[in-house]
Amino acid sequence: MLRSIAAKIINNGIEDAQRSGSIPPDARLNFIIETPREEGFGDYSTNVAFILAPQLKKKPLDIANMLVERMQGSDLCQSVAVAGAGFINFSLRGALWQQLLKDTASKGIESLYPNVGGGRKVLIEFVSANPTGPLHIGHGRGAAVGDVLANLLRKTGHTVGREYYINDAGRQIRTLGRSTFLRLKELKGETVEYPQDLYQGDYVRELARKVMDEGIAVPAGEEEAIDLLSVYASSHIMEGIKNDLREFGVAFDNYFLESSLYASGVVDETLAILRERGIAFERDGALWFKTDLFEKDEDRVLVKSDGENTYFTSDIAYHLDKFKRSYEVLVDIWGSDHHGYIPRLRASVQALGRNKEDLRFLLIQFVTLIKDGKPVGMSTRSGEFTTLREVLDEVGRDACRYFFLMRKSDAHLEFDLDLAKKTSNENPVYYVQYAHARIESIFRNAREAGINTDDLAGADCGLLTLKEELDLIRWITRYHSVLEGAARSLEPHRVTFYLMELVGRFHSYYNKTRVLGNDAALTRARLLLMSTLQGVIRDGLGLVGVSAPEKM
RNA sequence: GCGCCUGUAGCUCAGUUGGAUAGAGCAACGGACUUCUAAUCCGUAGGUCGCACGUUCGAGUCGUGCCAGGCGCGCCA
C-alpha cells in the first residue's frame, strides 16, 4: 500500500539529516509508522523522534522539528506537523490516494489481499463434536469462527485444510448405542432403569423410535444389539450434524476418524518415537509421557496399566499424522473448557520434533443465549441445551454467523435472540448489508438514467476531492492491513469490526453527498468509488459467510 | 491449593501487539425524509480502563501482588 511511500518520506528526511551530520550514520532506526486513530492527525504518524532521542541525547520535540523541516520538501507529502511530545504526523498528497483507488478498481479487490502465508500449508481443525448428539450453540460458534478463519487464511496466502475429527474409537459412541438400546426397550413397553451417565436428550428417544419405525432387525443379544445401535445412531446423528453445518454454510475438506489412526499404524509409530527419544517411560505398570521436558505441566499417561491407550495418545498420533500430511502450521479450535489440555499437547508437538509455534490454539468461550432479556439455561447432561439448528431456524444464517463473529473468540458471548431476529436498526448485521443494498440501488438508478456503469475505468479520480471521499478511499485500502492483522493474530472478528467502521463512513457520506448529479465526470468518478467500496463490502461479507443482498 | 480466561460508559463490546485528549453499537435526550432505500444520518450526554505498586520519554496494553466472576486441574472421555 502507500505505507512504503510513507516510509520513504521519513527515510529521505533522515538521510538528509545524516548528510548534514544532525543524525549519526550508525543510529538505530527501529521506528514504527502507524495510522493514527484520530483522523485529524493525518494519514500516518511516526515515533521516530522518540527512538532517536536517547541516542542523540536530545529532546524528542527538537528532533521532530528538525526532521519535519526536512520532510516538508517532499513532493509526495501534503502536510507534515509535529504533535504531542514529538510525534510526526503527515499526510500524503490526495493524488496518491486517488491513484490507489484507480489501481484497486482496475486490478480488483484481490489486489488488496496481503500475502501473509507465502503459500504455507495450514490445517484448521474445528467443531470436532462427537456424533453422540446434535450440535449445540457453542459448537456453532466454533464452526463460524473456524470457517471464517479458514476463509481469511486462504485469502492471505495460505493453503488451508479444514478438518473435523471424530473420536469413534472411544467409549462415547458406545454409550450412545447403549442409550438408544434402553430407550428402545422402553418403547417396547419394558420398564428400564435409565442411568444418569447415559445421554438424556429427547433425540435418543427419537432415534429409538426411528429404529422401530424402520423395522431395523436388532440382534437378540444385548452386546450385539448395542454394537449395531451404536453404528446406527452415530451415523444418523452425523448425518444431522453435516446437514446443520451445510445449512450454516460450513464445509469441511475432511472428516478424520480416530480409528483410522490405529488402522494406519500411526499410533504405534507415535509410541515408538516417544519411547526411542526417552520421552515415554514406565511407571506403576503404565506408560507415561514426560511432559515437563517441554512444558510446565504434570506427566501424563499414554498407555494405561490395562493396556489401553488414553485419548492423549490418539491425539498425539493425530497431530503427527497432520504433520505427515505436510501441514506446516496446525490450528486447533477448542471449547475453552479444554484449555487445561493445551500444555500437554503443546509438549507433545515438541516431542515430535516440531516448534511449539507450529501448533496454535483458538479457544471458544461459552455462549449465553438471551431471550426476553434473560439467559436461557443449557446443560448437556440434562439434555436441555439449545441446538444450533434451533437458533438457525429462529434467527437465520446471516444474523447467526455475524453475531458469532462480533466478539473475540475467547471472550464470553451474549447472544440476544430477540435482537438477532429484529429487522431493525438495532441489528448490526443489517447495517452492513444495507450499505451494500444502497450502493446497488444507486447503480440501478444510474443505469436507468442511461449511464454506462460497466465502463468506469476511464473515470477521473482526481475529481474525488471531498474530505469524505479521500477518507473512504483510505478506509477501502485499509482492508489490506485489517486482513493482515486478523490473519497474523488469528482473529477473524476484526473483519466485522472493520466492516462496521467502513460502512459507517459510507452511510454518512451517502446522507451528505449525492453520487448521481449533473456533472457527468464527477458522477462517473463517484460511481467508481462506490463500485470499489461495494466490492470490499461484498468481499468482507463473503469472508464472514454472510450474504450481500442487492435489495432490502 | 495450582493453572488459564475475563474485568473498559447504564448494557453488550472494540482498542491497530507500548503511543497522543480511551472509542463504537444499543439504551436516553434533541434534530433531519418534495432529491440515489430513514434498516440511514447529525448532535447532546455518559469513564477512577477492578484495586495497588513497578518497568520508561509514554501503560487500557508489559511485570508483581491483591479483589471479583468463569473454566480447568484423573491410569475419565
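Since we're looking at a predicted model, the values are computed, not measured.

K.L.:
Explain the sheet that holds strand E10 (residues 300-303) residue by residue, including any values.
P.N.:
Spatially, E8-E9-E10 is the arrangement adopted by the three strands of the open sheet, whose pairing is antiparallel. Across the chains shown, the open sheet's two edge strands, defined by having one partner strand only, are strand E8 (280-283) and E10. Strand-to-strand twist in this sheet, taken as the mean axis angle between neighbours without regard to direction, amounts to 45°. In the sheet, strand E9 (residues 286-289) pairs with E10 via three bridges, with the strands oriented antiparallel. Bridge pairing links Phe289 to Arg300 in E10. The strands that helix H11 (residues 311-324) touches are E9 and E10; relative to E10, the one it contacts most, it runs at about 80°.

K.L.:
Explain the layout of surface pockets to me, and be specific about the residues and the numbers.
P.N.:
Reported here for the second largest pocket is a volume of approximately 620 Å³. Around the second largest pocket, the lining comprises 25 residues; the ones closest to its centre are Glu39, Asp471, Arg474, Trp475 and Arg478. Of all elements in the fold, only strand E4 (87-92), helix H4 (94-107), helix H17 (467-477), helix H18 (479-489) and helix H19 (493-512) reach the threshold of two or more residues within the lining of the second largest pocket. Residues of the lining of the second largest pocket, tallied by class, amount to eight nonpolar, seven polar and ten charged. The residues that make up the lining of the second largest pocket include at least three from each of domain 1 (3-92) and domain 2 (98-116 + 426-544).

K.L.:
Hey, could you go over the packing of helix H7 (residues 202-213) against helix H8 (residues 222-248) for me, with residue numbers and the actual values?
P.N.:
Here H7 crosses H8 at 115°, and the two axes come no closer than 11 Å. Viewed along their axes, H7 and H8 adopt a mutual orientation that is roughly perpendicular. Classified by chirality, the crossing of H8 by H7 is right-handed. For the pair H7 and H8, contact is made by Tyr203, Leu207, Lys210 and Val211 and by Leu229, Tyr232, Ala233, His236 and Ile237, respectively. Tallied by class, residues from the contact of H7 with H8 come to seven nonpolar, one polar and one charged.

K.L.:
Before we move on, can you summarise the domain arrangement of chain A with the specific residues and values?
P.N.:
When cut into domains, chain A gives domain 1 (3-92), domain 2 (98-116 + 426-544) and domain 3 (172-248). The distance between the C-alpha centroids of domain 1 and domain 2 comes to 31 Å.

Cut-offs and rules
Residues numbered from 1 in each chain as written. Chains lettered and ligands numbered in written order. Predicted model: local features only at pLDDT ≥ 70, side-chain atom pairs only at ≥ 80, totals over all residues. Heavy atoms only, no water. Pairing = 2+ DSSP bridges. Helix = DSSP H or I, 4+ residues; strand = E, 2+ residues; numbered from the N terminus. Axes fitted to C-alpha atoms, helices over the stretch in contact; angles between N-to-C directions. Contact = heavy atoms within 4.5 Å. 1 Å grid on protein atoms, 1.4 Å probe; cavity = no way out; pocket = protein on both sides within 12 Å on 5 of 7 lines; lining within 4 Å. Points joined across faces, edges and corners; volume = space filled by probe spheres on them. Nonpolar A, V, L, I, M, F, W, Y, C, P; charged D, E, K, R; others polar. Domains from an automatic or database assignment. Parallel < 35°, antiparallel > 145°, perpendicular 65-115°, else oblique. Left-handed = near helix turned anticlockwise from the far one by under 90°.

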